[in-house]
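One letter stands for each residue in the lines below.
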4 protein chains.
Amino acid sequence: MNDRLADKKVLVTQSDDYMGPGIEALFRDEGAQVIAIPGVVPTGDQFDDYVNTAGGPFDIVVANLAHAPCNGPTANIDDNDWRDMFDTMVEPLMCLVRHYAPIMASAGHGKIVAITSAAPLRGIPGSTAYCSARGAQNAFVRASGLEFAPTNVQINAVAQNYVSNPVYFPEELVSTEKFQNHLKRNVPRGRVAKTSESAELALFLASDKSDFIVGQVIPFSGGWATNT
Amino acid sequence: MNDRLADKKVLVTQSDDYMGPGIEALFRDEGAQVIAIPGVVPTGDQFDDYVNTAGGPFDIVVANLAHAPCNGPTANIDDNDWRDMFDTMVEPLMCLVRHYAPIMASAGHGKIVAITSAAPLRGIPGSTAYCSARGAQNAFVRASGLEFAPTNVQINAVAQNYVSNPVYFPEELVSTEKFQNHLKRNVPRGRVAKTSESAELALFLASDKSDFIVGQVIPFSGGWATNT
Amino acid sequence: MNDRLADKKVLVTQSDDYMGPGIEALFRDEGAQVIAIPGVVPTGDQFDDYVNTAGGPFDIVVANLAHAPCNGPTANIDDNDWRDMFDTMVEPLMCLVRHYAPIMASAGHGKIVAITSAAPLRGIPGSTAYCSARGAQNAFVRASGLEFAPTNVQINAVAQNYVSNPVYFPEELVSTEKFQNHLKRNVPRGRVAKTSESAELALFLASDKSDFIVGQVIPFSGGWATNT
Amino acid sequence: MNDRLADKKVLVTQSDDYMGPGIEALFRDEGAQVIAIPGVVPTGDQFDDYVNTAGGPFDIVVANLAHAPCNGPTANIDDNDWRDMFDTMVEPLMCLVRHYAPIMASAGHGKIVAITSAAPLRGIPGSTAYCSARGAQNAFVRASGLEFAPTNVQINAVAQNYVSNPVYFPEELVSTEKFQNHLKRNVPRGRVAKTSESAELALFLASDKSDFIVGQVIPFSGGWATNT
């Protein structure tokens, strides 16, 4: 191991989901003290309890926020699904940045890495609600990343797609011939990424090696989307 | 006049706000029958009443949705402001597309033009909530625009900034020396746009001349942002 | 007809190729006086002869520049093909802008519309040389469009793909079942555009209706690429 | 030291210029065997001699290609400057990829990291020729990166701006009050990057940690440009 995060105190949110387990494992391996909190990040008054429980201060916050994509035609978007996505992924991101970024700014340094999605970078028919919520996240990262840039706090996003995880790309789906053909046609890299590969990009953005990178939404999708 | 929208029935939402007045005026001048409904577009059950009152069917829906930007540091984002922005600008856009796009698809043609913002294309410190909500809109337009593309329904957005209007760029602000210097440094075009100029881009996207353009978020900001 | 370009004097370059015929036809229909010059636009000393022959001054210059895409693996890029693409599409664009934009700036108004490609917006394997040359064009339009923005000269690009034309998408290719399947999978709009549809976007950018739009590269590809 | 590039054989081109010295130093520190070749990368027949001299095979090629930006109004672009920029930065990049990527593909792995510029991502008035050449590079990286993605060869770019180096941002410029004010207004990070910081992003893209990232042009500009 390289101790690339030695002496860093890290909060990983929704740690039982999405990139949470992979990031927790890698960051621990690299010497970080990781506070991993499972479950959805609450908003409103409950958010105060959340941060009290989390402790801190943190050198690094990994805003890992996820919700099932609720795929289906736009005509059938369910109001509750819509609101759940924004309540789970978007408002908590704002709460996390609103709370932790000023504390980091006062401390003179800090990193927030949001694990978002490349979906809004191209737009996915049948996944329009999810694209909208992830687009809100990416836009918030860009704007708040620029706002906190002068304070030596770096806020950036891993905008991923086609990364192995049990919710979006379970192994039993990935291994089908149909999905393999889909990969060949749509993902230049021709495969899904391992969770640990996404975690490496998160680690780079969380480390002292990337202090000049701010407000950046970095596509991580095997070439499916290369723009931001 | 050119009658570029002759025989078109058009819904303009929140018609007393943002680009509403300018679009209503231009579209009428060009021969459209415009149903202009002032006020915020409701969601949930009230949305059904809204569309019943609006009538229809429409050839064109202009999703003109706006909210004060509530500028200020991210540290001070007010929960109510945050939710109001998403409730006013983002969820209504989804409701409008979810309702009207399938009807248009059944009819074999239709146009939805969203008047959004270029703010999330660059990111504006001190305006992160607004950037996030507008980013959600842009992402929804991109994804739903691609979803409805095969049905001959075109959904696109005018992503504007630095367009004259009483809320964001009132004349008494624009005419100050300070703002004029700001324009010179930040807006290559060196001036704010007239509302009628933004309305012309909306008209192009609403007209039969742009049937191949789908899911597109077009920056309209005098060169302030040129990416999407 | 609408006389949308009444009293406008327009230069269309390489008028026998790419979007040249379609633009010439539409612009004439709309009342413009069109000087259409067939053939590749020369560079170096011969460019002076070219502009002398063209006459002028022009209100509008359509920088329609094209070359066969020379598709094939990157490993097989031919040095002569590579240079021909840059000599035909990139350097002439610079020469046209370098010559005409300052004249337009002195006159107090003017429009340059470059007909480029969406290819570099996504990147096409097997077409990397073409992508590079078109990317050089798009970048030049963006930068020079911002440079001339304060002078009331608007420089923008139509970044197209999947537009019918004899070189890239001949009818005998488009009508095959294989290509139709390709369209269904890759182009949300599900069809190729008619040349006249691309010409309508060029007309919008060439008209007095778009004076606030500068340095913009607008994708026109039926949803194949929606970013810039 | 971390030996993050242990056992890697690396070619760094134009090693006496731009990011060359910084990359050579960092890569050596991390255990790589670096072949650093100073001077412009030739094209045509001389390119064969170049690669023969370089030796190989290489695990990693850093396509570090630079030319003075030749700033000035578009009206004054000198034909020789224009061609020199494309001959120095664009065609050599193609030659390097055309030669090395297929060899890497045969070997079953490889990395090409191009050090390009963020300039074309926003567009810089007075630097339009440079923007165009760098835009050609970025487009080539995107397209060729997707082409070689299935072969386990990763081609990506560091699109930088505001990185300290003697040609573009010499210390005597950076330290002036005028430039510091320029930084405050235009670069959210508020400072220029050290060469070593850019080299860290190049290292990440050159390492085994980034095998899922292909065809990506990553802005590295302290928030000046956050799009691609």
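These remarks concern the structure in this document. What you see is a predicted model, and the numbers here were worked out from it, not measured in a lab.

### Some points on the overall build of chain A
Thinking step 1. The number of helices and strands found in chain A is 8 helices and 6 strands.
Thinking step 2. What you see for chain A is a C-alpha radius of gyration of 17 Å, in line with the 17 Å of a compact globule of 228 residues.
Thinking step 3. Taken along its principal axes, the extent of the C-alpha atoms in chain A is 50 × 40 × 30 Å.
Thinking step 4. Put simply, chain A has 228 residues, and 61% of those count as buried.
Thinking step 5. Here the analysis covers contacts within chain A between residues at least 6 apart in sequence; of these, 76% occur between residues at least 24 apart.

### Considering the interface of chain B and chain A
Thinking step 1. Taken residue by residue, the interface counts 37 residues in chain B and 37 residues in chain A.
Thinking step 2. Contributing elements (two or more residues each) for the side of chain B that touches chain A: α3 (79-107) and α5 (128-148) of chain B.
Thinking step 3. Classifying every residue of the side of chain B that touches chain A gives 20 nonpolar, 11 polar and 6 charged.

### Notes on the interface of chain B and chain C
Thinking step 1. Tallying the contact residues gives 29 residues for chain B and 29 residues for chain C.
Thinking step 2. Elements represented by at least two residues in the side of chain B that touches chain C include exactly α5, α8 (195-206) and β6 (217-220) of chain B.
Thinking step 3. The residue inventory of the side of chain B that touches chain C, partitioned by class, reads 12 nonpolar, 11 polar and 6 charged.

### Some details on the relation of the copies chain B and chain A
Thinking step 1. Mapping chain B onto chain A is achieved by rotating through 180 degrees and translating by 0.0 Å along the same axis, at an RMSD of 0.0 Å. A rotation of that kind, with that shift, is consistent with a two-fold axis. For chain B, the residue whose C-alpha comes nearest the rotation axis is A136(B), separated from it by 2.1 Å.
Thinking step 2. Both copies present the same face, since 100% of the interface residues in chain B are matched by interface residues at the equivalent positions in chain A.

### So, unusual backbone geometry
Thinking step 1. Across the junction of G56(C) and P57(C), the peptide omega takes the value 0 degrees, indicating a cis bond.
Thinking step 2. Along the chain, P57(C) turns up in the loop between α2 (45-54) and β3 (60-64).
Thinking step 3. Notably, C70(C) is not glycine yet its phi reads approximately 50 degrees, a positive angle.
Thinking step 4. Relative to the elements of secondary structure, C70(C) occurs in the loop between β3 and α3 (79-107).
Thinking step 5. If you check the backbone angles, Y162(D) has positive phi at about 60 degrees while not being a glycine.
Thinking step 6. Considering the arrangement of structural elements, one finds Y162(D) in the loop between β5 (153-160) and α6 (171-174).

### What about the sheet that holds strand β1 (residues 9-13) of chain D?
All names here are of chain D.
Thinking step 1. The strand order across the open sheet formed by 6 strands is β2-β1-β3-β4-β5-β6, and the pairing between neighbours is parallel. One side of each edge strand has no neighbouring strand; the edge strands of this open sheet are β2 (33-37) and β6 (217-220). Averaged over neighbouring strand pairs, the angle between their axes works out to 20 degrees when direction is ignored.
Thinking step 2. Note that β1 and β2 share 5 bridges and pair parallel. Counted as the bridge partner of V10 is V34 from β2.

### Thoughts on the relation of the copies chain B and chain C
Thinking step 1. For the pair chain B and chain C, the relating rotation is 180 degrees, the translation along its axis is 0.0 Å, and the fit reaches an RMSD of 0.0 Å.
Thinking step 2. Same-surface contact between copies: 100% of interface residues of chain B are shared with the interface of chain C.

### Overview of the environment of S196(C)
Residues and elements named next belong to chain C.
Thinking step 1. Within the secondary structure, S196 is located in helix α8 (residues 195-206).
Thinking step 2. Once the C-alpha coordinates of S196 and M19 are considered, the two residues, 177 residues apart in sequence, prove to be 8.5 Å apart.
Thinking step 3. In this structure, S196 is in contact with G22 and L26, ignoring residues within four places of it in sequence.

### Remarks on the sheet that holds β6(B)
For sheets, the rule is that strands pair by backbone hydrogen bonds, running either parallel or antiparallel.
Residue and element names in this part refer to chain B.
Thinking step 1. Spatially, β2-β1-β3-β4-β5-β6 is the arrangement adopted by the 6 strands of the open sheet, whose pairing is parallel. The open sheet terminates on both sides in strands that have one partner only, identified here as β2 (33-37) and β6. Averaged over all pairs of adjacent strands, the angle between their axes in this sheet comes to 20 degrees, without regard to strand direction.
Thinking step 2. The pairing of strand β1 (residues 9-13) with strand β3 (residues 60-64) spans 3 bridges and is classified as parallel. When the bridges of β3 are listed, V12 appears paired with V62.
Thinking step 3. Packing against the sheet, helix α1 (residues 20-29) makes contact with β1, β2 and β3, and its axis sits at approximately 165 degrees to β2.

### A closer look at the packing of helix α1 (residues 20-29) of chain A against helix α8 (residues 195-206) of chain A
Residue and element names in this part refer to chain A.
Thinking step 1. Close contact between α1 and α8 brings their axes to 9 Å; oriented N to C, the two are set at 60 degrees. Considered as vectors, α1 and α8 are oriented oblique to each other. The handedness of the crossing between α1 and α8 is right-handed. Along its contact with α1, which presents G22, I23, L26 and F27, the element α8 presents T195, S196, S198, A199, E200, A202 and L203.

Rules used throughout
- Residues numbered from 1 in each chain as written.
- Chains lettered and ligands numbered in written order.
- Predicted model: local features only at pLDDT ≥ 70, side-chain atom pairs only at ≥ 80, totals over all residues.
- Helix = DSSP H or I, 4+ residues; strand = E, 2+ residues; numbered from the N terminus.
- Rg over C-alpha atoms; globule rule 2.2 N^0.38 Å.
- Buried ≥ 20, exposed ≤ 12 C-beta atoms within 10 Å, placed from the backbone.
- Contact = placed C-beta atoms within 7 Å.
- Nonpolar A, V, L, I, M, F, W, Y, C, P; charged D, E, K, R; others polar.
- Least-squares fit on C-alpha atoms with pLDDT ≥ 70 in both.
- Pairing = 2+ DSSP bridges.
- Axes fitted to C-alpha atoms, helices over the stretch in contact; angles between N-to-C directions.
- Parallel < 35°, antiparallel > 145°, perpendicular 65-115°, else oblique.
- Left-handed = near helix turned anticlockwise from the far one by under 90°.

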